[in-house]
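Summary of structural features
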Amino acid sequence: MRTATPGRIEIALSGSIASFPLDTRFSVPAKGVAAIFGPPGCGKTAVARCIAGLERLPAGFCAIDGEVWQDKTTFRPPHLRPIGYVSQEASLFPHLSVRRNLLYGAPKPKPTPIAFDEVLELLDLAPLLDRSPSHLSGGERQRVAMGRALLSQPRLLVMDEPLGALDSCAKREILPFVERLPEKLALPMIYIGHDMAEIERFADHLVMMERGMVTAAGPLHVLQTDPALPLAASREAAISLDAVVSGYDGRYGLLILRLKGARLLVPAPPLAPGVHQRLRIAAYDVSVAREAPRAGSILNVFPARIRACLPLGAAEITLVLALGTGGSGTEILARITRFSFDSLGLKDGVDVFAQLKHVSLLSASEPPLQTIPASTPTADPGDRQATPRRETRSSAREASGIFLSLHSCRATHVT
Amino acid sequence: MDSFSPEIWQSLGLTIELASVTTVILLIVGTPLAWWLARSKSLWTEAVATMIALPLVLPPTVLSFYLLVLLGPNGPVGLLASLWGGRTLAFTFAGLVVGSVLSALPLVVQPIRNTFAAMGDRPLEIAATLRASPLYAFFTVALPLARPGLLTAAVLGFAHTIGTFGVVLMIGGNIPGRTKVLSAFLFDFVQESRWREASWLAGAMLMFAVAVVLALTLIDKYSRRRST
């Protein structure tokens, strides 16, 4: 029916699973992170299960990097698909220790591309090895599940809302680990979620779903600034960009980052030139002016051209701006009031100056490591006997020396 | 105590042997059967489940009667047995085992089936995404997780066989040293109004039953604590 293209993940599913109609087609690069985003109940999990081979739609097509897993004539059963699958619910085998859980899917001959020690370090699993899954917190369980999936030496990692069952504190604890995976491992990843705040931190591609259908697919930044899609017009609208570090101003502690059509100055610790750095710029942190401000505290002011104007409620407007003179550079979003919009006489195609008040640096190549005092309360939804075990766990963390900061997102106000 | 002849010790050995052999066969036959009943969506499952459950409601004598017909020299199994030079399975230890297995099968299959059903598809799906073939997943995930159900089934099967009586008399024929198990001894004692021996034997069997159940419960509790 179709041939598989090397370097692509190609999915075409149509039919119904448990009377839920699914008609999902998309193709994303077999490199980096592709996020499938949509409201709960839109069929995201069904797609993940089809990719894993746990559900079978007769008219399905699934090819990963040139290898056909399913078409009209073939259907590879799940255990023959080199996939790492992490789902929302706790999935550790209760009768095995953490170590034996981790090794359950690991191939027997020793030298493997993804080594045991490497995974232990990446996910900080060493202190948990000899415990039983029932003595882990929700966040720890998900870390073990991720490690186990990685050790099965997959060629594709599918994460189906791995943070979905965790409370917000446990989410913050585990998110840095999730962010590190695509950087540390050359492994394509499909990340399924309904929270844009998670996805915009590390996704490269985005597939948007609604009621079993794909509504849009493409590079994350392109969809974020697409006026026809709901992302740009939402209240939490923001853009994610990968900028290149081009220098550091040691006198003032400012990191210099290069974007197409702009050169950003952000207060941050130094990074090596050439390193890619994920940025997040929220629409409400960008304002516009008709004339270049002559004296002001905002460092990042760039000429830009208005590409589109999207009303937000009765009083506000989101602008899609293309940076650079003539609007040839990167697109960002700005949130202004309708009053300013009218009084400045703005419309599509008008040249303005974009003022970026706040730029967040996300998931740097080396995530910031910080030791947290042992008294810091930790997320622990599944903990039944509260106090004594909590103490044990904190001291185990202390002993392990490092623990990731709860706030790995270094937000900086530049005013 | 002197009235307890060596015969009764022989009978005790025979009873334990019967119960052990039966339990092992029950687990070997019952586990895959329970697996199929719990997981197959075929309409046949309910028909098979009904057949397996029949001994629960059927008088043991009825079951034994049909078995006798089947196993006897003129029955199909008897004819088959004659191919190997045997004459009949009736009134033999082997026949006794067949009868005990069939009458205890529902007690063994039901708890295992329930455990497998309660486990759901999830653990096996996870195993499959970790490259475990269905057979490997069955032995490394499904069986270990079903341990409480398997233990319950083993206890029920063993205890039921120790106490089996109707089947013993009908198929076994109450032959001393060959098919005369303890419950049959007890029956004979009562028939001969040897109340003292009867109460000793009944008391011992009661104590034994209590000990077996208690031991297995403790083993399960201990092993569960160690694994968590």
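Residues numbered from 1 in each chain as written. Chains lettered and ligands numbered in written order. Predicted model: local features only at pLDDT ≥ 70, side-chain atom pairs only at ≥ 80, totals over all residues.

1. A few points about the overall build of chain B
For chain B, the helix and strand inventory stands at eleven helices and zero strands. On the principal axes, the C-alpha backbone points of chain B span a range of 65 × 45 × 30 Å. Across the 228 residues in chain B, those meeting the buried criterion constitute 36%. Contacts spanning at least 24 positions in sequence make up 71% of the contacts within chain B whose residues lie at least 6 apart. (Helix = DSSP H or I, 4+ residues; strand = E, 2+ residues; numbered from the N terminus. Buried ≥ 20, exposed ≤ 12 C-beta atoms within 10 Å, placed from the backbone. Contact = placed C-beta atoms within 7 Å.)

2. Regarding the interface of chain A and chain B
As a measure of interface size, the accessible area lost when the parts come together is often cited. Taken residue by residue, the interface counts 15 residues in chain A and 14 residues in chain B. Considered class by class, the residues forming the side of chain A that touches chain B number seven nonpolar, seven polar and one charged. (Nonpolar A, V, L, I, M, F, W, Y, C, P; charged D, E, K, R; others polar.)

3. A few points about the nonpolar core
All names here are of chain A. Residues Val-158, Leu-321, Leu-333, Ala-334 and Ala-354 are the most contacted members of the largest nonpolar core, which totals 106 residues. Residues from two domains meet in this core; each of domain 1 (8-223) and domain 2 (280-362) gives at least three. In this view, Leu-321 contacts Ala-304, Arg-305, Ile-306, Arg-307, Glu-331, Ile-332, Ala-334 and Ala-354; residues no more than four positions away in its chain are not counted. (Core = buried A, V, L, I, M, F, W, Y, C linked by C-beta atoms within 7 Å. Domains from an automatic or database assignment.)

4. Some details on helix H5 (residues 168-184) of chain A
With 17 residues, H5(A) extends 25 Å from end C-alpha to end C-alpha; this agrees with the ideal 24 Å at 1.5 Å per step. For H5(A), the set of buried residues is Ala170(A), Lys171(A), Glu173(A), Ile174(A), Leu175(A), Pro176(A), Phe177(A), Val178(A), Glu179(A), Leu181(A) and Pro182(A). (Expected span 1.5 Å × (residues − 1).)

5. Comments concerning the pairing of strand E4 (residues 61-64) of chain A
Residue and element names in this part refer to chain A. Relative to E4, strand E1 (residues 8-17) runs antiparallel, the two sharing four bridges. Residue Ile-9 lies in a different strand from E4, and its bridge partner there is Ile-64. In this structure, E4 lies alongside strand E5 (residues 67-70), joined through three bridges in antiparallel fashion. The residue of E5 that forms the bridge with Cys-62 is Gln-70. Where E4 folds back onto E5 in an antiparallel hairpin, the turn is made up of two residues, including Asp-65, whose phi is positive at roughly 50°. (Pairing = 2+ DSSP bridges.)

6. Considering unusual backbone geometry
Backbone geometry places Glu161(A), a non-glycine residue, at a positive phi of 40°. On the neighbour-count criterion, Glu161(A) (22 C-beta atoms within 10 Å) is buried. Residue Ser193(B) is not a glycine yet carries a positive backbone phi of 55°. What makes Ser193(B) exposed here is the crowd of 7 C-beta atoms within 10 Å.

7. Comments concerning the packing of helix H3 (residues 60-71) of chain B against helix H5 (residues 93-119) of chain B
Residue and element names in this part refer to chain B. For the pair H3 and H5, interaxial distance at closest approach is 11 Å and the crossing angle is 135°. For the element pair H3 / H5, the angle class is oblique. In this structure, H3 meets H5 at a crossing whose hand is right-handed. Judged by residue contacts, Pro-60, Leu-63, Ser-64, Leu-67 and Leu-71 of H3 engage Gly-95, Val-98, Gly-99, Leu-102 and Ser-103 from H5. Considering only residue class, the contact of H3 with H5 consists of six nonpolar, four polar and no charged. (Axes fitted to C-alpha atoms, helices over the stretch in contact; angles between N-to-C directions. Parallel < 35°, antiparallel > 145°, perpendicular 65-115°, else oblique. Left-handed = near helix turned anticlockwise from the far one by under 90°.)

8. Focus on H3(B)
Residue and element names in this part refer to chain B. Between its terminal C-alpha atoms H3 stretches 16 Å, which fits the 16 Å expected from twelve residues at 1.5 Å a residue. Inspection of H3 places Ser-64, Leu-67, Leu-68 and Leu-71 among the buried residues, and these make up the whole buried set. One side of H3 holds all its buried residues, which, seen down the axis, span an arc of 105°. Structurally, H3 contributes buried residues whose contacts are with helix H4 (76-83), H5 and helix H9 (166-172). (Arc of directions from axis to C-beta.)

9. Remarks on the sheet that holds strand E16 (residues 300-312) of chain A
Residue and element names in this part refer to chain A. Taken together, the five strands give an open sheet; going across it, the order is E15-E19-E16-E17-E18, and neighbouring strands pair in antiparallel fashion. Of all the strands in the sheet, the pair left with one neighbour each is strand E15 (286-289) and strand E18 (331-337). Each neighbouring strand pair of the sheet contributes to a mean axis angle of 45°, computed without reference to strand direction.

10. Remarks on the confidence of the model for chain B
For chain B, per-residue confidence averages 84 on the pLDDT scale, and residues scoring 70 or more make up 94% of the total. As a predicted assembly, this complex carries a pTM of 0.79 together with an ipTM value of 0.76. (pLDDT = per-residue confidence, 0-100.)

11. Side note on the environment of Ala90(A)
Checked against the element boundaries, Ala90(A) lands in the loop between strand E6 (83-86) and helix H2 (98-103). Linking Ala90(A) and Met196(A), residues 106 residues apart in sequence, is a C-alpha distance of 23 Å.

12. Comments concerning the pairing of strand E17 (residues 316-323) of chain A
All names here are of chain A. By the criterion of burial, E17 is predominantly enclosed, with seven of the eight residues buried. For E16 and E17, the ladder comprises eight bridges, and the chain directions are antiparallel. By the bridge assignment for E17, Cys-309 is matched with Leu-319. The loop that links E16 with its antiparallel partner E17 comprises three residues; one of these, Gly-313, has a positive phi angle of about 65°. Alignment of E17 against E18, held across seven bridges, turns out to be antiparallel. Directly across from Ile-317, in E18, lies its bridge partner Ile-336.

13. With respect to the environment of Gly166(B)
Residues and elements named next belong to chain B. By the secondary structure assignment, Gly-166 is in helix H9. The exposure class assigned to Gly-166 is partly exposed, which follows from the 16 C-beta atoms found within 10 Å. Each C-alpha atom, one on Gly-166 and one on Glu-197, is 21 Å from the other, the two residues being 31 residues apart in sequence. For Gly-166, the residues in contact, after removing those within four places along its chain, are Pro-60, Thr-61 and Ser-64.

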